[in-house]
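Chains, contacts and geometry: an overview
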Amino acid sequence: MALTEKEVLNLREYIDRGGFVVMDDFDGPRDLAVIERELHRAFPERDLVRLTIDHPIFHMFYNIDSLNVTSPYLVGGDPIFYGLMNQRGILGVIACYNNDLENFWDYIDQARYPLKPSIEAFRLGINFVLYAMTH
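Overview of the structure. (Residues numbered from 1 in each chain as written. Predicted model: local features only at pLDDT ≥ 70, side-chain atom pairs only at ≥ 80, totals over all residues. Heavy atoms only, no water.)

**Re the overall build of the protein chain**
- Per the secondary structure count, the protein chain includes 4 helices and 4 strands.
- At 15 Å, the protein chain has a C-alpha radius of gyration in line with the 14 Å of a compact globule built from 135 residues.
- Viewed in the frame of its principal axes, the protein chain has a C-alpha envelope of about 40 × 30 × 25 Å.
- Out of the 135 residues in the protein chain, the part that is buried amounts to 44%.
- Long-range pairs, those at least 24 residues apart, make up 67% of the contacts in the protein chain with a sequence separation of at least 6. (Helix = DSSP H or I, 4+ residues; strand = E, 2+ residues; numbered from the N terminus. Rg over C-alpha atoms; globule rule 2.2 N^0.38 Å. Buried < 20%, exposed > 50% of the residue type's maximum accessible area, 1.4 Å probe, protein only. Contact = heavy atoms within 4.5 Å.)

**Details of the sheet that holds strand β3 (residues 80-85)**
- If you trace the 4 strands from one edge of the open sheet to the other, you get β1-β4-β3-β2, paired in mixed fashion. Of all strands in the sheet, those bounded by a partner on one side alone are β1 (21-26) and β2 (49-50).
- Sheet topology note: the β3/strand β4 (residues 91-97) ladder contains 6 bridges and is antiparallel. Looking at β4, one finds that Y82 is bridged to A95. (Pairing = 2+ DSSP bridges.)

**Observations regarding the nonpolar core**
- If you look at the biggest cluster of nonpolar residues, it comprises 19 residues, and the most contacted ones within it are L11, M23, F26, L39, F43, L48 and Y82.
- Secondary structure elements with two or more residues in this core: α1 (5-16), β1, α2 (28-42), β3 and β4.
- A per-element tally of this core places α2 first, with 4 residues.
- With residues near it in sequence (within four places) discarded, F43 still touches L11, R12, I15, D16 and L84.
- Counting 18 residues, the second-largest nonpolar core is a separate cluster that includes I64, I94, Y113 and F128. (Core = buried A, V, L, I, M, F, W, Y, C linked by side-chain atoms within 4.5 Å.)

**Regarding the side chain of N98**
- Take N98: it is sitting in the loop between β4 and α3 (101-106).
- A polar contact is formed between the side chain of N98 and the backbone oxygen of D78, at a distance of 3.0 Å. (Polar contact = N/O pair within 3.5 Å; in protein donor to acceptor, adjacent residues only side chain to side chain.)

**Quick word on the pattern of salt bridges**
- What the rule picks out here adds up to 11 salt bridges.
- Here K116 ties to E120 by a salt bridge, and the two come within 3.9 Å at their closest N and O atoms. Taken together, the residues K116 and E120, both in helix α4 (residues 115-134) and 4 residues apart, mark about one turn of the helix.
- A residue is classified by how much of its surface remains accessible, and K116, at 53% relative accessible area, is exposed.
- Linked through salt bridges whose partners overlap, the residues forming this network are E5, R37, E38 and R41. (Salt bridge = Lys/Arg side-chain N within 4 Å of Asp/Glu carboxyl O.)

Put into structure tokens, the structure is as follows:
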């Protein structure tokens, strides 16, 4: 990710007006550093924070019991969910580090991945949408 100056300004305005962004499919310390750098450009006064299982986004509709949803192709390490808050302190960005939820969504009909993590990826996605629409 390499945001232009206009994109940096637009991202800040979008998030601070109540927008919500899901960042998915970035793995390893290099990718994390890029995300942190670009988000810091838009939000120099805020940091990504590690989300725990008790965050409301994981219990909007489905009660997620584990944050260990990952793609078998990842090489970056354990999956972690990070968040960035908007100016009101509400989650505006969820960053799915060492995860690839989108792969599960893309290939659910092709049985490429085990069923449990595929279902959990959809449950997470539904929770993300409901959180974004209600906060």
